[in-house]
Amino acid sequence: MQRHLILEDGTVFAGESFGAPATTFGEIVFHTAMTGYQEIITDPVYDNQIIVFATPIVGAAGIHAGAYESMKPTIRGMIVHDLAEVSVNRQRRMNLDRFLKQHNIPGLYHVDTRKLIRHLRETGSQKASIVDFADDHAKDQLVATVLTNKQVANTATVKPYANPGRGRHIVVIDFGLKHGILRMLDDYDANVSVMPYTTTVEEVLTLDPDGIVLSTGPGDPRVLPDSVLTLIRVLQTKAPMLGIGLGHELFALANDAELLPLSSEHHGMNHPIEEIVSRQMMYAMQGQGYAVDPESIDRNKLFVTHRDLVDGAIQGLRHRDYPAFSVQFFPDGAPGPLDATTIFADFFDTVEDYVEHVQS
Amino acid sequence: MSKKEVLDNASLQRALTRITYEIIERNKGGQDLVLVGIKTRGEYLAHRIGNRLAQLEDISIPIMAIDVTNFRDDVTNHDSDNLGLNSEDKMNITDKNIVLIDDVLFTGRTIRAALDALIHVGRPKSISLAVLVDRGHRELPIRADFVGKNIPTAQAEHIKVFVKEIDGKDAVEIIN
Amino acid sequence: MLFIGSGPNDFGRESEHDAAIFQVMPELNQFGLEAYLIDENPYSLSLESLAAQVFWQPLTTKNIKNIIHQEDIDTVIPLFGGDRALRIWTQVVQDWQKGDGPLPQTLGLSIEMMLKTVNVAAMTDYLAEAGLPVITNHVVHARDEANDLLRQVRLPLMIRALHPIVQNTRRIVERVDDFDEIFNQVKTQSLTQEVVFSRAINGLKEVSLQVMRDRRGNKLRVGASEDMDPIGIHTIDSLSISPVLTLQDQVLQKLRKYAFDIADLLQLEGTMHVQFAVDDDSGEIFIIKVSPYIDQMAMRTTLATGYPTILVAINLAIGVPLDEIRLPHYFHTKTAIMEPMMDHVVVKLPVFPFGELAESGVQVNRQLSSIQKSVGTVLGFGRTFIEALEKAIRSAHFNNASFSPTFMQGISDDELIQQLIHPQDNRVLLLIEAIKRGYEVDELAELTHIDEFYFYQLQRLLRLEESVEAAVDNIGALKNAKEHGLSDGLIARFWHTSFEIIRTLAQENQIDVTYKAVEPSAGEFPEHAHQYYATYEEENESTQVATDSILVIGNGAFRMGDSAASGYLMTTVLSELRRLQYHTVIMNNNPHDATLMPHLADKQYLEPLEISDIMKVVEVEQPKAIIVSGNRRKLIQALRDLEQNVLIMPKQKHVPSGPTTEQSEFALNFFFDGHDIYPLNITQHTVGKLRILKQKITAPIGIDPEQCPSPGVYQIIWYINDTKPMVSVNTQPIDHDTWLRPMPFGQVAFLNKAMQVQWIRLTVRAMLNRLTEEDYQLLSELNTKCQTQTQIKMIDAHVDYSLHLQSQNDIDSTRFEMGVSITDE
């Protein structure tokens, strides 16, 4: 069945429907990653977004039990050029089309995605809607729609939970985390407690963490309550801290830096990221609509550790006084290159140093 | 003889990076900081750390090298002119925060010699110690402030640090 | 800095190395370096490069040493000449004596690592020692050892005799139950009763990665491709697809990490191709081959992604780090450090020589195996797998009969099953036929070890073709067909009409081709792309490049015969057009052909070369002229019927057969500038050898210019039943047993170098009426001034036809030439 994608600027694209025949609204972004569609659409960072894939064929690798970044995808739509129907699970029943149907997410294929991406490259991200008919009514509705800014609340856990291990005790503050973070912590056999972002300093310190992770998550971090920044300001003095994605942005905000919305959001795994100290390049999955404003950094508090070699955007920060650091990109490689997984090794080395220091 | 690589190139780089960050953390932006490498490999490591600091902070930190062969307590004839320091270097350490850098921390005797030597020529504000590998078996009350990697070893084992500048590769091996 | 060429063309060696060397030598100037080159291939473009001092000599260690001494060479760069150059250079190094002076440094890869690279066992051990997954051999002496091993390793196993006393002792153990019997049998076939165990990887998925690494250890992935055909079929003979579609991200990232680890281990400064075997079911991965030098994958990835692999590789070899590389203006400033992303699909299809051989009565074994049988390669570009596949098939030019959708109808069910298990060159058509006959996808996947994805896709293709066939003249069906890459010609066949009718029908209904750029950012950044492919979507990105452009039609895939020479010739044509300051547009689909080097054309169309594809490009570019090689007679006629200005590089329709073992073929060669005839020399061709006689031609040749259709080099041929080398022959009068033909391209290439006269460039200038005073001066003084190197003879290179083709008959090494070389003996 033919359905339509309409953009806030009035542009309309026709495509064939797959997934659920639902009408949805969301912010539209394009993604240049060639693999990892399942991880991308289940990553809470894309909550409330409609994702356009540059890769020409999506679905050929099926849907795998080991490739979920959350249990329930909350994207608002998927726009692809060509759709492949392949089942790989034992029952041979689950493919991308059925998966989206199950979660009531619409998709469009047979769209000139290259044209759409070249368009979005010029206009930047905007509101969009997937509808049956691209009539005036649908356009009016799109213009009138106010997208939610409660994405963290929508995706983060409301209750603490544990992912027990026998190693160091890591407390993860959840802003809508992707499973890749837990998988990486598991590689170090960490004993993990995941806390809602509404937790308090006392609650966290009572758990006696050896290290703290500020998780990834969706949306604009500036709409979160100030209590989150206070929490970070205190916790960064108490134990080694690693912020990732939204966690990085919050870490920056807590240390008086400011954010700039990117004119063109960046979602992909093709940009070289430089570790400034060693001048080594690495590639990692990036999914960001904001970047830390370099002008706003208080050099007495933070210094820049990583930057994007394409646009120069800040990709990593470190506190000058505490073993606390953060990265804008996703170092967990789910999906994406494994080049930056050493960030977790760095974190655990820091944790070991800290533990030894405290003990002696 | 058997050998086993305990730090590969990538982990060695990471260890140096972490030491660099920790030096920043404890020295408030590198003011009055001087890096002193203990010859031979400590000197190269000092330059590596110096380069890293320069990349991050856009400042050039003085780097010096000392040769303590003649200052070890197992050598009787001490000769302060034989440290490899020139007079300018000697002046430069007074009132500075020194980070002493060596490849391996073992008995502590080399470090003691370096401390003696430094104090012999000037009066630093503070001296801290960074080592790439701490292998244990201390014979003196010395401990490192910055450690790349703790590698517990048996007395009979040897730790060999390779640096690209003279050994053609960066690695740490245990040799039996 | 000395480049070592790759020598004669052969199975698995097309023009990729020559193209790479030709492209990078001019880059050395900016680093203040001087380029030198040795190669023996008469079809080498690089040997005619003005950017280097060249040595046209056999690739021997002696010659290389001499050049090093004579020219004070201090640096050698063998990686661009591929494995052949690497092997020769390692020999030179191993033969180096103290008295030879200081050994020149080698760029890109250390000697130690080169020695590992050319020795598979050494490389395997090296990788295994570093903890990387390779296939290890276990030698087993006794039964209980074997039982222990059986518990450790995973089935299927390959068992073979360590010292076999019969041919081919390889057996595969699929089930534990078969182990005893097979083990006992192989044991008796081994002289020492010792057998070798290894994991059997036949049937696994083959995946290739291309990566770069710089001196600082920075690495990036340029591209990856997967073979549709499982391991067991040579990767060059496999249909392969880029980007990788059927692997999960997690698996692909693991492969990437292994490839990076290998690059670090080798301390590589350049580009590397790593082949993997991947077991989808168990998740196991094996490294099966490491090629840290330019090879076909490097060239293919360059074309498929738009990432300038070759240019970046020379920078890395010289020591420029990735983030400091300056690329020519037609790339985005960050192109060298951004991992290329693809928003299109590229299908690589091998081209086999079986059809042409069969026509000449040569019987060969058509079954595909781990020994390469294909002789050429085409790429199909599209936005879907089906579109790319359709275009690749059309590019490969199956002859009309085998392309027909009904071709496979005659095959019996038994034969079908046999061929599914033991595939031949017509594999894709066979798979479609199997689907047509109702075989289930999982059944087929099990029989063929091909991923189910491809069967689903072929099913779609079949449904598409059926729907088109059933809906004659239906505009919706036409649109659907065009969007999936079906050519006007194929639709015309379905609808029993002509391609012209289909073309008009599409035009009238606004079903228009849209050209999309091939560029490495997948639309993220504005790139100054100049490579395009056709598809049918909404937005077209290609507009006329200039009003004075000339369109050159490439020759497509290599075939047996003089393909490498044709590529050389068309590249020289492009180069000359550039020199004459025309805007150039090239259409081609062969990734290993030098015509697709980026600096030769203002625009490239990576397309099939049927009349319909060409006319669509013509509509956009409105070229002043179209240059076609003379063997494509139907195409020339069709273009002329459509009132195009066609210029022809004279060539016979078929590559001529060579002389028999008892005779010499003599040729009186002359150049025709469109008006006059200029005699050049006489050549004597015996089996496997072509020499130029010292004899000067003084008398005019009795040829009527009317007999030559267009400017070019021609020859008058006659035979003498004597194979002895002659000093001179009587040319006056030439009797009635002679005939006239355009000089085969291979001989033109040879003559260019032997005479130091650029006959191809002269031909181009003559065609365009751009011959200069100097040209006429040269032509008038040929007999007196031209110093022809008559001591150099062109010879057939040694090609192992029997290994590759398992032919029952002798193969005519002229008609079915694979590669040529030179000798001065």
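Residues numbered from 1 in each chain as written. Chains lettered and ligands numbered in written order. Predicted model: local features only at pLDDT ≥ 70, side-chain atom pairs only at ≥ 80, totals over all residues. Heavy atoms only, no water.

A. Layout of the interface of chain B and chain A. Each partner contributes to the interface: chain B provides 16 residues, whereas chain A provides 22 residues. Approximately 1800 Å² of surface area, both sides summed, lies buried where chain B meets chain A, with 45% of it carried by carbon and sulfur atoms. Among the residues chain B hides against chain A, the three largest losses belong to B:R14, B:Y21 and B:E25. Together they make up 35% of the total. Linking chain B with chain A are 7 salt bridges. With a shortest N-O distance of 2.5 Å, B:R14 and A:D346 are connected by a salt bridge. Between chain B and chain A we count 6 residue pairs in polar contact (both at pLDDT 80 or more) in total. (Contact = heavy atoms within 4.5 Å. Buried area = accessible area lost by both parts, 1.4 Å probe. Salt bridge = Lys/Arg side-chain N within 4 Å of Asp/Glu carboxyl O. Polar contact = N/O pair within 3.5 Å; in protein donor to acceptor, adjacent residues only side chain to side chain.)

B. Region of the structure containing the UniProt feature "binding site: L-glutamine" (unreviewed entry) in chain A. Residues and elements named next belong to chain A. In this structure's numbering, the residues bearing the UniProt feature "binding site: L-glutamine" (unreviewed entry) are G217, G219, L246, G289 and Y290. Spatial clustering of the annotated residues is evident: they stretch over 74 residues in sequence, but the largest pairwise C-alpha distance comes to 12.4 Å. Within the secondary structure, G219 is located in the loop between β13 (211-214) and α8 (226-235). For G219, a relative accessible area of 27% translates into the label partly exposed. You can see L246 is positioned in helix α9 (residues 246-254). Relative accessible area serves as the criterion here: at 3%, L246 is assigned to the buried category. (UniProt positions renumbered as here; feature names shortened; annotations may be inferred. Helix = DSSP H or I, 4+ residues; strand = E, 2+ residues; numbered from the N terminus. Buried < 20%, exposed > 50% of the residue type's maximum accessible area, 1.4 Å probe, protein only.)

C. Just the packing of aromatic side chains, in detail. This model, assessed by the stated rule, comprises 24 aromatic pairs over all chains. Here A:F303 and B:Y21 contribute two aromatic rings whose centre-to-centre distance is 5.8 Å and whose plane-to-plane angle is 40°, an arrangement assigned as tilted. Note that A:F303 is positioned in strand β19 (residues 302-308) and B:Y21 in helix α1 (residues 9-27), a pairing that runs across two chains. Take A:F303 and B:Y21: they sit in the same class, and that class is buried. Here C:F385 and C:Y454 contribute two aromatic rings whose centre-to-centre distance is 5.3 Å and whose plane-to-plane angle is 65°, an arrangement assigned as edge-to-face. Residue C:F385 is found in helix α12 (residues 385-396), and its partner C:Y454 is found in helix α17 (residues 452-470); the two are separated by 69 residues along the sequence. Look at C:F385 and you get buried, because its relative accessible area is 1%. Look at C:Y454 and you get buried, because its relative accessible area is 1%. Here a set of aromatic residues connected by ring pairs shows up, and it is made of A:Y188, A:F325, A:F347 and A:F348. Between the NZ or CZ atom of B:K169 and the centre of the ring of B:F162, over which it lies, the distance is 4.5 Å. Across from the ring centre of C:Y126, 4.5 Å away, lies the NZ or CZ of C:K116, which sits over that ring. (Phe/Tyr/Trp six-rings, centres within 6.5 Å; stacked < 30°, edge-to-face > 60°. Lys NZ or Arg CZ within 6 Å of the ring centre and 35° of its normal.)

D. Seen up close, helix α3 (residues 82-95) of chain C. Residue and element names in this part refer to chain C. Here α3 contains 14 residues, and its C-alpha end-to-end distance of 20 Å stays within 8% of the 20 Å for a straight helix at 1.5 Å per residue. Buried within α3 we find G82, A85, L86, I88, W89, T90, V92 and V93. As for α3, its buried residues are in contact with β1 (2-4), α1 (16-24), α2 (61-71), β4 (75-77), β5 (105-106) and α4 (111-117). (Expected span 1.5 Å × (residues − 1).)

E. Looking closely at helix α6 (residues 179-187) of chain A. Residues and elements named next belong to chain A. Of the positions making up α6, those classed as buried are G180, I181, L182, M184 and L185. Residues of α6 that are buried make contact with β10 (161-163), β11 (169-174), β12 (191-196), β13, β14 (241-244) and α10 (342-359). The first or second residue beyond α6 is D189, which carries a positive phi of 55°.

F. Inspection of the interface of chain A and chain C at higher detail. On the side of chain C, 55 residues touch chain A, which itself brings 52 residues to the contact. Of the roughly 4500 Å² buried between chain A and chain C on both sides combined, carbon and sulfur atoms contribute 51%. Here A:D339 makes a salt bridge to C:R256, at a shortest N to O gap of 2.7 Å. Secondary-structure elements contributing two or more residues to the side of chain A that touches chain C are β7 (82-83), α3 (113-123) and β17 (280-282) of chain A. The element best represented in the side of chain A that touches chain C is α3(A), accounting for 6 residues. Of the residues in the side of chain A that touches chain C, the class split is 24 nonpolar, 16 polar and 12 charged. (Nonpolar A, V, L, I, M, F, W, Y, C, P; charged D, E, K, R; others polar.)

G. Representation of the nonpolar core in the model. With 227 residues, the main nonpolar core has A:M78, C:F3, C:F80 and C:W759 as its most contacted residues. The contact partners of C:F3, leaving out residues within four places of it in the chain, are C:I21, C:V24, C:M25, C:L28, C:A35, C:Y36, C:L37, C:I38, C:I77, C:F80 and C:I314. Of all hydrophobic cores here, the second largest spans 85 residues; its members include C:L461, C:A492, C:L505 and C:I626. (Core = buried A, V, L, I, M, F, W, Y, C linked by side-chain atoms within 4.5 Å.)

H. Seen up close, the packing of helix α6 (residues 143-152) of chain C against helix α7 (residues 179-188) of chain C. Residue and element names in this part refer to chain C. One can describe the packing of α6 onto α7 by two numbers: an axis separation of 12 Å at closest approach and a directional angle of 135°. By the angle between their axes, α6 is oblique relative to α7. The handedness of the crossing between α6 and α7 is right-handed. In this structure, α6 uses R143, A146, N147 and L150 to contact α7, whose residues at the interface are F179, D180, F183 and N184. (Axes fitted to C-alpha atoms, helices over the stretch in contact; angles between N-to-C directions. Parallel < 35°, antiparallel > 145°, perpendicular 65-115°, else oblique. Left-handed = near helix turned anticlockwise from the far one by under 90°.)

I. View of the pattern of salt bridges. Going through the model one piece at a time under the given rule, you end up with 81 salt bridges over all chains. C:K482 is the salt-bridge partner of C:D488, the closest N and O atoms lying 2.6 Å from each other. By relative accessible area, C:D488 is classed as buried at 1%. Each member of the salt-bridge network shares a partner with another, and the members are A:R114, A:R118, C:D343, C:E519, C:E539 and C:E541.

J. Spotlight on the domain arrangement of chain A. All names here are of chain A. Entries for chain A in the domain assignment read domain 1 (2-147) and domain 2 (152-359). A separation of 28 Å is found between the C-alpha centroids of domain 1 and domain 2. The largest contributions to the domain 1 side of the interface with domain 2 come from P44, V45 and E69, which together make up 30% of the buried area. Joining domain 1 to domain 2, the criterion identifies 2 salt bridges. Here R183 and E69 are joined by a salt bridge, their closest N and O atoms 2.9 Å apart. Inspection of the domain 1/domain 2 interface yields 8 residue pairs in polar contact (both at pLDDT 80 or more). Elements with a minimum of two residues in the side of domain 1 that touches domain 2: β3 (24-31) and α1 (37-42). (Domains from an automatic or database assignment.)

K. Looking closely at the sheet that holds strand β5 (residues 126-134) of chain B. Residues and elements named next belong to chain B. Taken together, 5 strands build an open sheet; the order of strands is β3-β2-β4-β5-β6 and the sheet is parallel. Whereas interior strands pair on both sides, the edge strands pair on one side only; in this sheet they are β3 (63-66) and β6 (146-150). With strand direction ignored, the average angle separating the axes of adjacent strands in the sheet is 25°. As defined by bridge partners, strand β2 (residues 33-38) adjoins strand β4 (residues 97-105) across 5 bridges and the pair is classed as parallel. Among the inter-strand pairings, V36 is bridged to a residue of β4, identified as L100. Against the sheet, α1 contacts β2, β4, β5 and β6, and its axis sits at roughly 155° relative to β6. Where helix α4 (residues 109-121) meets the sheet, its contacts fall on β2, β3, β4 and β5, and the angle it forms with β4 comes to roughly 155°. (Pairing = 2+ DSSP bridges.)

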